[in-house]
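Below are the chains, spelled out letter by letter.
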Amino acid sequence: MSDSLPPFPKPSWGAGEPLLLELGPGVGADAGTEARADEPCLRADAARNRARLLEAAARLVEQFGAAGVTMEAVAAAAQVGKGTVFRRFGDRTGLLMALLDHSERKLQAAFLAGPPPLGPGAPPVERLRAFGVAVLRRAVDELELQLAAEGEPGRRFASAPRMVLSAHVTMLLRQAIPGADCELLAKTLMGYLDPALIHHLTKQCGMAPERLEAGWIDLVDRIAGGTPSR
């Protein structure tokens, strides 16, 4: 089984972070060669600004928990106008999802290209077992932040990270049980990994994370017909 994922790290966003922000005016088609020459500088400035805002948000999480992360608080901590934060992230949910980006990328890299059984090379049922355990461990480490980042239902289930995870589960199910409605089964399995359910089971019902991991493996084996783990 894959090793436990590390807790939410202190941010180190910088040159390696994908540049997702708009560059603002002045880089249009009529700006000519001079504007195109300035574009790398503008992109670097945007990346630095984004990193600065995320670092301020991460400090607020450390000090006050996820509830302390508001657009106003981040703007004050980063010493910028509130409008700057909204332009970078859209809203509070977008900001919180950006904070989760580091561990999301780490998880995706692990199941797309990491060692088996989480990564390629193991049978699909073994990969499903390892996938759920990795997601559960990540959720336990970041539960408050994941709950705070949950949007309204339409946005929640259509978010890019959730769709990537669901597509991965669908692919493994198609390999394990090709005759089934694997897309619908994947949604059902993803429900087991929902942060709100994990919070209810661990915080309100007092279940140990190890019990949830064992329950996931049992569920996968029952659905996908794997040989039960010992």
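None of the values given here were measured: they were computed from a predicted structure. (Residues numbered from 1 in each chain as written. Predicted model: local features only at pLDDT ≥ 70, side-chain atom pairs only at ≥ 80, totals over all residues. Heavy atoms only, no water.)

1. Observations regarding the nonpolar core
Defined as follows: Side-chain atoms within 4.5 Å link the members of a nonpolar core, which is a set of buried Ala, Val, Leu, Ile, Met, Phe, Trp, Tyr and Cys residues. The buried label goes to any residue with under 20% of its type's maximum accessible area, the exposed label to any with over 50%, and the partly exposed label to all in between, with areas taken from a 1.4 Å probe on protein chains only. Secondary structure elements are taken from DSSP: a helix is a run of H or I of four residues or more, a strand is a run of E of two residues or more, and numbering for both begins at the N terminus. Only heavy atoms enter the contact rule, under which two residues are in contact if any of them lie within 4.5 Å.
Judged by nonpolar contacts, the single largest core of 30 residues is most densely connected at F131, V169, L173, L193 and W216. Residue assignment for this core shows that the elements contributing at least two residues are helix 5 (101-113), helix 6 (124-141), helix 9 (160-176), helix 10 (182-192), helix 11 (195-204) and helix 12 (209-224). No other element matches the 9 residues that helix 6 contributes to this core. Aside from chain neighbours lying at most four places away, what touches W216 is L128, R129, F131, G132, V133, L136, L189, Y192 and L193. Membership of the second largest hydrophobic core comes to 22 residues, among which are V69, F89, L95 and A149.

2. Points about the pattern of salt bridges
Where charged atoms from two side chains of opposite charge approach closely, those side chains can pair. Filter applied, for reference: Every case where a carboxyl oxygen of Asp or Glu lies within 4 Å of a side-chain nitrogen of Lys or Arg is listed as a salt bridge.
According to the stated counting rule, one finds 9 salt bridges in the structure shown. Across the pair E104 and R138 runs a salt bridge, and its minimum N-O distance is 2.8 Å. Residue E104 is located in helix 5, and its partner R138 is located in helix 6; the two are separated by 34 residues in the primary sequence. R138 shares its class with E104; the two are buried. Among the ionic pairs, D194 bridges to R162, the shortest N-O distance being 3.8 Å. Taken as a pair, D194 in the loop between helix 10 and helix 11 and R162 in helix 9 lie far apart in primary sequence, 32 residues in all. Assessed through its relative accessible area of 14%, R162 is described here as buried.

3. Comments concerning helix 5
To keep it simple, the criterion reads: By definition here, a helix of n residues has an expected span of 1.5 Å times n minus one. What the arc covers is the set of directions going from the helix axis to the C-beta atoms.
Here helix 5 contains 13 residues, and its C-alpha end-to-end distance of 18 Å stays within 8% of the 18 Å for a straight helix at 1.5 Å per residue. Those residues of helix 5 that fall on the buried side of the exposure criterion are D101, S103, E104, L107 and F111. Here the buried residues of helix 5 occupy an arc of 165° about the axis, which is enough to place them on one side. Contacts from the buried residues of helix 5 go to helix 4 (92-99), helix 6 and helix 9.

4. A closer look at the side chain of T202
When you line up the elements, T202 lands in helix 11. Given the relative accessible area of 15%, T202 is considered buried.

5. Thoughts on the packing of helix 5 against helix 9
Condition: Angles shown run from 0 to 180 degrees and are taken between the N-to-C directions of axes, each axis being a line fitted to C-alpha atoms and, for helices, limited to the stretch in contact. Roughly parallel means an angle under 35 degrees; roughly antiparallel means over 145; roughly perpendicular covers 65 to 115; every other angle is labelled oblique. Rotating anticlockwise by less than a right angle from the far helix to the near helix defines a left-handed crossing, while the corresponding clockwise rotation defines a right-handed one. In this classification, Asp, Glu, Lys and Arg are treated as charged, Ala, Val, Leu, Ile, Met, Phe, Trp, Tyr, Cys and Pro as nonpolar, and every other residue, Gly included, as polar.
Packing of helix 5 against helix 9 brings their axes to within 11 Å, and their N-to-C directions diverge by 20°. Looking at the two axes, helix 5 sits roughly parallel to helix 9. Both helix 5 and helix 9 take part in a crossing whose hand is left-handed. In contact with E104, L107, Q108 and F111 of helix 5, helix 9 contributes P161, V164, L165 and H168. In terms of residue class, the contact of helix 5 with helix 9 is made up of 5 nonpolar, 2 polar and 1 charged.

6. Digging into the UniProt feature "DNA-binding region" (unreviewed entry) in the chain
Test applied: UniProt positions are given in the numbering used here, feature names are shortened, and annotations may be inferred rather than shown by experiment.
Mapped onto this numbering, the UniProt entry annotates "DNA-binding region" (unreviewed entry) at residues 70-89. Annotation note: span residues 70-89, helix share 80%, strand share 0%, distance between end C-alpha atoms 12 Å.

7. Observations concerning unusual backbone geometry
Here the residue pair P116 and P117 is connected by a cis peptide bond, since its omega of 10° sits within 30 degrees of zero. In this fold, P117 is placed in the loop between helix 5 and helix 6. The phi torsion at Q79 lies on the positive side, around 60°, for a residue other than glycine. Mapped onto the elements, Q79 comes out in the loop between helix 2 (71-78) and helix 3 (82-89). Using a relative accessible area of 68% as the deciding quantity, one classes Q79 as exposed.

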